[in-house]
Amino acid sequence: MVQERALPTFVATSSEITPDVGLRLYEDMILGRYFEDKCAEMYYRGKMFGFVHLYNGQEAVSTGVIQAMRPGEDYVCSTYRDHVHALSAGVPAKEVMAELFGKATGCSKGRGGSMHMFSHEHKLLGGYAFVAEGIPVATGAAFQTKYRREALKDENYADQVTACFFGDGAANNGQFFECLNMAALWKLPIIYVVENNKWAIGMAHDRATSDPQIYKKAHAFGMAGVEVDGMDVLAVRAVAKEAVERARAGEGPTVIEALTYRFRGHSLADPDELRSKEEKEFWFSRDPIKKLANYLTEHNLATESELKEIERKISQLIDEAVKFAEESPEPAANELYRFVFAEDQ
Ligand SMILES: Cc1ncc(C[n+]2csc(CCOP(=O)(O)OP(=O)(O)O)c2C)c(N)n1
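Residues numbered from 1 in each chain as written. Predicted model: local features only at pLDDT ≥ 70, side-chain atom pairs only at ≥ 80, totals over all residues. Heavy atoms only, no water.

### Brief notes about the overall build of the protein chain
Looking only at helices and strands, the protein chain features 12 helices and 7 strands. Taken over the C-alpha trace, the protein chain has a radius of gyration of 19 Å; the compact-globule value for 345 residues is 20 Å, and the two agree within 12%. Across the 345 residues in the protein chain, those meeting the buried criterion constitute 54%. Intrachain contacts of the protein chain at a sequence separation of at least 6 include 76% that bridge at least 24 residues. Approximately 15,500 Å² of the protein chain is accessible, and the part contributed by carbon and sulfur atoms is 53%. Taking the average place of the 39 positive charges on the side chains of the protein chain and the average place of its 52 negative ones, the gap between the two points comes to 1 Å. (Helix = DSSP H or I, 4+ residues; strand = E, 2+ residues; numbered from the N terminus. Rg over C-alpha atoms; globule rule 2.2 N^0.38 Å. Buried < 20%, exposed > 50% of the residue type's maximum accessible area, 1.4 Å probe, protein only. Contact = heavy atoms within 4.5 Å. Areas by Shrake-Rupley, 256 points an atom, 1.4 Å probe, with all protein chains shown as cover. Lys, Arg positive; Asp, Glu negative; His and termini not counted. Charge placed at Lys NZ, Arg CZ, Asp CG, Glu CD.)

### Considering the side chain of Asp168
The residue Asp168 is located in the loop between strand S2 (162-167) and helix H6 (174-185) in this model. It turns out Asp168 is buried and unbridged, and the closest side chain with the opposite charge, Arg262, is 7.8 Å from it. (Salt bridge = Lys/Arg side-chain N within 4 Å of Asp/Glu carboxyl O.)

### Some details on the packing of helix H1 (residues 19-44) against helix H2 (residues 59-66)
One can describe the packing of H1 onto H2 by two numbers: an axis separation of 9 Å at closest approach and a directional angle of 135 degrees. Taken together, the axis directions place H1 and H2 in an arrangement best described as oblique. As for the relative orientation of H1 and H2, their crossing is right-handed in sense. Within the contact between the two elements, H1 uses Leu25, Asp28, Met29 and Arg33 and H2 uses Glu59, Ala60 and Thr63. (Axes fitted to C-alpha atoms, helices over the stretch in contact; angles between N-to-C directions. Parallel < 35°, antiparallel > 145°, perpendicular 65-115°, else oblique. Left-handed = near helix turned anticlockwise from the far one by under 90°.)

### Some details on the site of the ligand
Surveying the vicinity of the ligand reveals 14 residues, the closest of which are Tyr80, Arg81, Gly169, Asn197 and Trp199. In this structure, an oxygen atom belonging to the ligand sits 2.8 Å away from a main-chain N or O atom of Gly169. Coverage of the ligand by the protein chains reaches 70% of its 590 Å² of free accessible surface. Counting atoms within 2 Å of the grid points, the majority share of the ligand lands in the second largest pocket. (Near = heavy atom within 4 Å. Polar contact = N/O pair within 3.5 Å; in protein donor to acceptor, adjacent residues only side chain to side chain. 1 Å grid on protein atoms, 1.4 Å probe; cavity = no way out; pocket = protein on both sides within 12 Å on 5 of 7 lines; lining within 4 Å. Sits in = over half its atoms within 2 Å of the grid points.)

### A word on the packing of aromatic side chains
Two aromatic rings are characterised by how far apart their centres lie and by the angle between their planes. Within this structure, the stated rule accounts for 9 aromatic pairs. Relative to Trp186, the ring of Phe143 lies with its centre 5.4 Å away and its plane at 55 degrees, an arrangement referred to as tilted. Note that Phe143 is positioned in helix H5 (residues 134-150) and Trp186 in the loop between H6 and strand S3 (190-196), a separation of 43 residues in sequence. Under the relative-accessibility criterion, Trp186 is labelled partly exposed at 37%. Between Phe166 and Tyr192 the ring centres are 6.5 Å apart and the planes differ by 65 degrees, which places this aromatic pair in the edge-to-face class. Here Phe166, found in strand S2, pairs with Tyr192, found in strand S3; they are 26 residues apart in sequence, far enough to count as distant. Considered together, Phe166 and Tyr192 belong to a single accessibility category, that of buried residues. Three or more aromatic residues joined by ring pairs form one cluster here, namely Phe166, Phe176, Phe177 and Tyr192. (Phe/Tyr/Trp six-rings, centres within 6.5 Å; stacked < 30°, edge-to-face > 60°.)

### Some points on the UniProt feature "coiled-coil region" (unreviewed entry) in the protein chain
Look at the UniProt record and you will see "coiled-coil region" (unreviewed entry) annotated at residues 300-327. Between the end C-alpha atoms of residues 300-327 there is a gap of 42 Å, over a span that is 86% helix and 0% strand. (UniProt positions renumbered as here; feature names shortened; annotations may be inferred.)

### Things to note about the environment of Glu335
Looking at where Glu335 falls in the secondary structure, it is placed in the segment after helix H12 (304-327). On a C-alpha basis, the gap between Glu335 and Ala249 in space is 45 Å, while along the polypeptide they are 86 residues apart.

### As for the pairing of strand S6 (residues 224-229)
The two faces of the sheet receive side chains in turn, since in a regular strand these alternate between them. Sheet topology places S6 next to strand S7 (residues 254-259); 6 bridges connect them, and they run parallel. Within the sheet, the bridge partner assigned to Val228 lies in S7 and is Ala258. Following the chain from S6 across helix H9 (residues 233-248) to the adjacent parallel S7, one finds a crossover that is right-handed. (Pairing = 2+ DSSP bridges. Right-handed = clockwise from strand over helix to strand, strands pointing away.)

Structure (structure tokens):
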């Protein structure tokens, strides 16, 4: 078992959660979890092809960060583990499911599949199959926000923020360091969210990096860098809010290192035999959804029946998403080359 890092302390009551906010966070995390569970079922039933990487266990990171932003206005950039980021950013579940089924109604018109979710409308800059590939894309998006605002005086770009999600493995890639340098130099409105789930496929993070504390690398660039318990949505939301405010105020970028864990193998093709049972059990006991449910009920912010009602509603939504995906048409064969270039829209 890879040694566990001490988690930063966070007092949830300091984050002033209202019942509305609590239920919204719960719903978003349940959406992510139920979507991925259904996705596994559909994969093993042969409804989708290629590699499919699920996000189970990491929901507090997507929800905590994206719900602290303005979904639909701010940019979100993902990796190949992208379904739940797309959902948190507001892409309808039926469009994400249809994309997984390779259908024409999918958010990438059935051309992208699991690793390439995209939505212009929801400002989702995409999922990317190559490790760290989204980092320069997101940095470019943050640069254009600042450029349009300051050089072109375009009011529409007054305070837009970009969140860029990637894994601990990606943080050893050169693009991470190059982009951190530019983001700090130009004080770009961006948040680099490192989802440190301890493993890059079968490579333990601590065996692959000189200093496993990724957030500290931000400090070398004179940039804010914080670590957070990535299994606690309220803690993630609190650090994300600070980073968003910093970015909107023109005070530059932040690296957030969220300490989290994926509950399944690297992809649905991975038998997950490398991680120890003991390690997995330790992290399963820290399930972020159960943690929020307990917090909400213990602090009288929600009742058991309200939570059950959300779970029922989301189950139904996911079933409808599957039905929509199944009944949707395949992309037409004579449209094979459509959408290759921007003018083919
Ligand atoms: C440039 C590149 N190198 C190698 C791979 C093969 N690969 C796919 S996922 C992965 C591990 C990445 O781990 P991490 O960034 O921690 O993300 P996680 O899968 O844990 O979410 C690797 C090496 C790739 N897709 N792209």
